[in-house]
Amino acid sequence: GPYAANRVLALLRAMLNKADEIGYTGVNPAAGVRLFRETARDRFMHPQEMEAFFRAVEAEPPLFRDFYLLLLLTGARKSNVLAMKWTDLDLEAGYWRIGETESKNNSVIMIPLVAPAVAILQERREAANGSAWVFPGHKHGTHLRTPQKAWQRIVNCSGIVGLRIHDLR
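What you see is a predicted model, and the numbers here were worked out from it, not measured in a lab.

> Is there a simple way to explain the overall build of the protein chain in this structure?
Assigned secondary structure in the protein chain consists of six helices and three strands. Ordering the α and β elements of the protein chain from the N terminus gives α-α-α-α-β-β-β-α-α. Taking 169 residues into account, the globule formula puts the C-alpha radius of gyration at 15 Å, and the protein chain, at 20 Å, lies well above it. With the principal axes as the frame, the protein chain shows a C-alpha extent of 60 × 35 × 30 Å. A buried classification covers 36% of the 169 residues belonging to the protein chain. A fraction of 56% describes how many contacts in the protein chain between residues 6 or more apart in sequence connect residues 24 or more apart. Taken as a whole, the protein chain presents about 10900 Å² of accessible surface, with 57% of it coming from carbon and sulfur. Charge-centre separation for the protein chain: the mean point of 22 positive side chains lies 8 Å from the mean point of 17 negative side chains.

Right, here's the structure in full:
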């Protein structure tokens, strides 16, 4: 679709611009191509959808339930919550440090943790079995990958139409 085409065009432009910097003398065929128009999404969960959403989340196994609740409580990116490590958390002080190598903009992010988030994390720590990850993956030494099947169950069970994981931010 148009979004993918725009990303490919941007990548091609960047590659040819870089090639130009290191001695390529050809023409950049992507230079004059217009991007497709994109419309921003502004979908948020409505108050009348929340009861059904929370009921569906509570029906999930603890791993997925806690993951989706922490997405809501921290406002963090899905990838950051999936890769959350115990060493980056200070539950007593109530903050989570996302390092510059893990953040999208390459800078340290300090996320304050509200009391319900701390409570979830304390329970998760007890169930972590020594894993470095808050949400350990199926293979030892890895973290959980995108729990898409759990998300589909939540959306189907709640009856909410058009809600994406990113909309929880």
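Continuing now.
> I tried to follow the pattern of salt bridges on my own but got confused; where do I start?
Once the charged atoms of two side chains with opposite charge are near each other, the side chains can pair. Taken as a whole and assessed by the stated rule, the structure comprises seven salt bridges. Between Glu-60 and Arg-153 there is a salt bridge whose closest N-O contact spans 2.5 Å. Remark: Arg-153 occurs in helix α6 (residues 148–158) and Glu-60 occurs in the loop between α2 (47–58) and α3 (62–74); sequence separation between them is 93 residues. Within this structure, Arg-65, Asp-66 and Arg-124 form a network of salt bridges that share partners.

> Quick question: what am I supposed to make of the side chain of Ser-158 here?
The residue Ser-158 is located in helix α6 in this model. A relative accessible area of 13% places Ser-158 in the buried class. Of the polar contacts made by the side chain of Ser-158, one reaches the backbone nitrogen of Ile-160; its length is 3.4 Å. Here Ser-158 is in contact with Ala-52, Phe-53 and Ala-56, once residues within four sequence places are set aside.

> Sorry, what's going on with the environment of Trp-86 here?
The topology assignment puts Trp-86 in the loop between α4 (78–82) and β1 (89–90). Overall, the relative accessible area of 10% leaves Trp-86 in the buried class. Beyond its immediate sequence surroundings of up to four residues, Trp-86 is in contact with Leu-121, Arg-124, Arg-125, Ala-128, Ser-131, Ala-132, Trp-133 and Val-134. A polar contact of 3.4 Å, which involves the side chain of Trp-86, links it to the backbone oxygen of Ser-131.

> Looking at this structure, I do not really get α3. What am I missing?
The periodicity of an α-helix, 3.6 residues per turn, causes residues three or four positions apart to be oriented the same way. Taking 1.5 Å as the rise per residue, α3 with 13 residues should run 18 Å; its terminal C-alpha atoms sit 17 Å apart, in good agreement. If you check which residues of α3 are buried, you get Phe-64, Arg-65, Asp-66, Phe-67, Tyr-68, Leu-69, Leu-70, Leu-71 and Thr-74. Buried residues belonging to α3 abut α2, α4, β2 (95–98), β3 (109–112), α5 (115–127) and α6. Of the residues flanking the end of α3, it is Gly-75, one or two places downstream, whose phi is positive at about 70°.

> Honestly, the pairing of β2 in this entry has me stumped. Any pointers?
Each regular strand carries side chains that alternate between the two faces of the sheet. Residues Trp-96 and Ile-98 line the buried face of β2, whereas the alternating positions Tyr-95 and Arg-97 sit on a face that is not buried. Relative to β2, β1 is paired through two bridges, and the arrangement is antiparallel. The residue bridging Asp-90 from the neighbouring strand is Tyr-95, located in β2. Linking two consecutive strands that pair antiparallel, namely β1 and β2, is a turn of four residues; a positive phi of about 80° is found at Gly-94 within it.

So, how was this worked out
- Residues numbered from 1 in each chain as written.
- Predicted model: local features only at pLDDT ≥ 70, side-chain atom pairs only at ≥ 80, totals over all residues.
- Heavy atoms only, no water.
- Helix = DSSP H or I, 4+ residues; strand = E, 2+ residues; numbered from the N terminus.
- Rg over C-alpha atoms; globule rule 2.2 N^0.38 Å.
- Buried < 20%, exposed > 50% of the residue type's maximum accessible area, 1.4 Å probe, protein only.
- Contact = heavy atoms within 4.5 Å.
- Areas by Shrake-Rupley, 256 points an atom, 1.4 Å probe, with all protein chains shown as cover.
- Lys, Arg positive; Asp, Glu negative; His and termini not counted.
- Charge placed at Lys NZ, Arg CZ, Asp CG, Glu CD.
- Salt bridge = Lys/Arg side-chain N within 4 Å of Asp/Glu carboxyl O.
- Polar contact = N/O pair within 3.5 Å; in protein donor to acceptor, adjacent residues only side chain to side chain.
- Expected span 1.5 Å × (residues − 1).
- Pairing = 2+ DSSP bridges.

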